[in-house]
Amino acid sequence: YSAESGVWSALWSDLVGQLGTFLDNAKKQSGKKTMVIVSADHGHITTSKEKNEHFIEDHPVILSHLQMIPGGEPRMLILYTNEGESSAVINYVNEHLQDCFYAVKSQEALDTGLFGATDNLHPETRQRLGDILLISKGKHYWASKDRELPFVSYHGGPFPECLPLRRLAQTV
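Residues numbered from 1 in each chain as written. Predicted model: local features only at pLDDT ≥ 70, side-chain atom pairs only at ≥ 80, totals over all residues. Heavy atoms only, no water.

S.K.: Looking at this structure, I do not really get the nonpolar core. What am I missing?
M.R.: Across soluble globular proteins, nonpolar side chains show a tendency to be buried alongside one another. Ranked by size, the top nonpolar core spans 16 residues in total, and within it Ile62, Leu79, Val93, Leu97, Ile132, Leu134 and Trp142 carry the most contacts. Contributing elements (two or more residues each) for this core: strand E5 (76–79), helix H5 (86–96), strand E6 (101–105) and strand E7 (132–136). Examining the composition of this core, we find that four residues originate from one element, H5, more than from any other. Setting aside residues up to four positions removed in sequence, Leu97 forms contacts with His54, His59, Ile62, Tyr92 and Trp142. In terms of nonpolar packing, the next biggest core, distinct from the first, is built from eight residues, Met76, Ile78, Val104 and Leu133 among them. (Core = buried A, V, L, I, M, F, W, Y, C linked by side-chain atoms within 4.5 Å. Buried < 20%, exposed > 50% of the residue type's maximum accessible area, 1.4 Å probe, protein only. Helix = DSSP H or I, 4+ residues; strand = E, 2+ residues; numbered from the N terminus. Contact = heavy atoms within 4.5 Å.)

Have a look at this one:
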């Protein structure tokens, strides 16, 4: 629900309240100690179209170095660059978008553990991550002028404001 209404919106807060009520009732009715664990694989962060939306079409320098349109998701684009042109894209992002996005070589992201342990990666992982990842800083995200994104909240990242509910555990 947070994607449509935003993190900590009235709807989201109501759902969290319902979870609290459920846990309180479960505790009253339980004769035994039971652990209830709620987890999420990622957080969400509420964004603003006016302040945080960036259009890839507004950056023809980036597009000119790509083999194909970017992949990935709004807060982490996957770029497949032309042979030998990754540095030009990284330099452009570092010069023009340094407050909004990290430009990281995909192999470096894997090597530094950004995606966790690499011992048992699917054989196609490296290829599917392209050459460069454009990872959002703060609340920034990518969009396309061809298609309006319907959400006000997007997948979070490894930042404190994106991690309010990664795990909740309570004994009932």
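S.K.: Quick question: what am I supposed to make of the packing of aromatic side chains here?
M.R.: Aromatic rings considered in pairs are described by the distance between their centres and by the relative angle of their planes. On inspection of all chains with the given rule, the structure shows one aromatic pair. Here the basic side chain of Lys137 rests over the ring of Tyr102, its NZ or CZ set 4.5 Å away from the ring centre. (Phe/Tyr/Trp six-rings, centres within 6.5 Å; stacked < 30°, edge-to-face > 60°. Lys NZ or Arg CZ within 6 Å of the ring centre and 35° of its normal.)

S.K.: Quick question: what am I supposed to make of the environment of Val104 here?
M.R.: Within the fold, Val104 resides in strand E6. Spatially, the C-alpha atoms of Val104 and Ile132 are 5.5 Å apart, while their sequence positions differ by 28 residues. Apart from residues lying up to four places away in sequence, Val104 is in contact with Ala109, Asp131, Ile132, Leu133 and Ile135.

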